[in-house]
Amino acid sequence: MSLYHHVRDRDDLIDALLEAVADGLPDIPMQSDPIEELMSVFSGIYETFRKDPWVAKCLMGGHPGSTKADPLIERAVIALEKLGMQGTEAGYAFGTLLHYTYGEVIVIDALERGLYSEVQYDELKFPAIARTIGQIDHRFLDAEPYYCSLRMVLSGYDRRQSH
């Protein structure tokens, strides 16, 4: 039995798979603080992608994905607006956060599959890089670095006068 008896083509198959993944998006409680709201939304997206890393690769490759994620996108944009961003700027900020999330998922997936090797830098030629890389444990396979880095990025997005 051919798979294409059930779907029209590859894109239909991908659409169906993305819809199934979107059906499993976690129920993400709303947060009143915009930074915490963004942490919550992107943590939910990250956890979904970690379960199915191919989704991040597919979306990064230009597939439109499921409209079931639109409420999360709306929440994220509203939170960015509450931080003082408007229009295009909020759109770029959202894209940056999403692309950061894609990248983290893809790198951790590569680590888990043994496809990533650490680069060594000459300490005399590139001392700052060597110092920094030497302090990163590339063997981590949990989400802790993602959440810490996400919070650092978000703190730079906060334009409220007092927080």
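Residues numbered from 1 in each chain as written. Predicted model: local features only at pLDDT ≥ 70, side-chain atom pairs only at ≥ 80, totals over all residues. Heavy atoms only, no water.

Asks: Account for the layout of surface pockets, naming residues and giving values.
Replies: By volume, the largest pocket amounts to about 370 Å³. If you go around the largest pocket, you meet 21 residues; those closest to its centre are Phe-49, Leu-59, Gly-65, Ser-66 and Ala-69. Within the residue set of the lining of the largest pocket, elements represented by two or more residues are α1 (10-23), α2 (34-51), α3 (53-60), α4 (70-82) and α5 (87-112). A per-class count over the lining of the largest pocket returns 15 nonpolar, five polar and one charged. (1 Å grid on protein atoms, 1.4 Å probe; cavity = no way out; pocket = protein on both sides within 12 Å on 5 of 7 lines; lining within 4 Å. Points joined across faces, edges and corners; volume = space filled by probe spheres on them. Helix = DSSP H or I, 4+ residues; strand = E, 2+ residues; numbered from the N terminus. Nonpolar A, V, L, I, M, F, W, Y, C, P; charged D, E, K, R; others polar.)

Asks: Give a description of helix α7 (residues 144-157) that names residues and reports values.
Replies: Helix length check: α7 (14 residues) gives 20 Å between terminal C-alpha atoms against 20 Å at 1.5 Å per residue, within 8%. Tucked inside the fold, the buried residues of α7 contact α2, α4 and α5. (Expected span 1.5 Å × (residues − 1). Contact = heavy atoms within 4.5 Å.)

Asks: Residue-level account of the nonpolar core, with values.
Replies: Within soluble globular proteins, side chains that are nonpolar generally end up buried alongside one another. Leu-38, Phe-42, Phe-49, Leu-80, Leu-97, Leu-154 and Tyr-157 are the most contacted members of the largest nonpolar core, which totals 34 residues. Elements that contribute at least two residues to this core include exactly α1, α2, α3, α4, α5 and α7. Sequence-distant contacts of Phe-49, that is, excluding residues within four places in its chain, are made with Val-55, Ala-56, Leu-59, Leu-98, Thr-101, Tyr-102 and Val-105. (Core = buried A, V, L, I, M, F, W, Y, C linked by side-chain atoms within 4.5 Å. Buried < 20%, exposed > 50% of the residue type's maximum accessible area, 1.4 Å probe, protein only.)

Asks: Can you break down the pattern of salt bridges residue by residue, with the values?
Replies: Side-chain pairs of opposite charge can arise where the charged atoms are in close proximity. Scanning the model with the defined rule gives 12 salt bridges in all. For Glu-36, the salt bridge identified is with Arg-151, shortest N-O distance 2.8 Å. Remark: Arg-151 occurs in helix α7 and Glu-36 occurs in helix α2; sequence separation between them is 115 residues. A salt bridge links Arg-50 to Glu-112, with the nearest nitrogen and oxygen atoms 2.7 Å apart. Highlighted residues: Arg-50 in helix α2 and Glu-112 in helix α5, separated in sequence by 62 residues. Residue classification places Glu-112 among the partly exposed positions, given a relative accessible area of 40%. (Salt bridge = Lys/Arg side-chain N within 4 Å of Asp/Glu carboxyl O.)

Asks: Quick rundown of the environment of Val-153? Include the residues and the values.
Replies: Relative to the elements of secondary structure, Val-153 occurs in helix α7. Between the C-alpha atoms of Val-153 and Tyr-100, which are 53 residues apart in sequence, the distance is 9.8 Å.

Asks: Break down the packing of aromatic side chains for me, with residues and values.
Replies: Per the stated rule, a full pass over the model turns up seven aromatic pairs. Seen from their ring centres, Tyr-46 and Tyr-147 are 5.8 Å apart, and the 70 degrees between their planes marks the pair as edge-to-face. One end of the pair, Tyr-46, is in helix α2; the other, Tyr-147, is in helix α7, with 101 residues separating them in the sequence. (Phe/Tyr/Trp six-rings, centres within 6.5 Å; stacked < 30°, edge-to-face > 60°.)

Asks: I'd love a proper account of α3, names of residues and values included.
Replies: Those residues of α3 that sit buried are Pro-53, Val-55, Ala-56, Cys-58 and Leu-59. Contacts made by the buried residues of α3 are with α1, α2 and α5. At the C-terminal side of α3, Gly-62 shows a positive phi close to 110 degrees.

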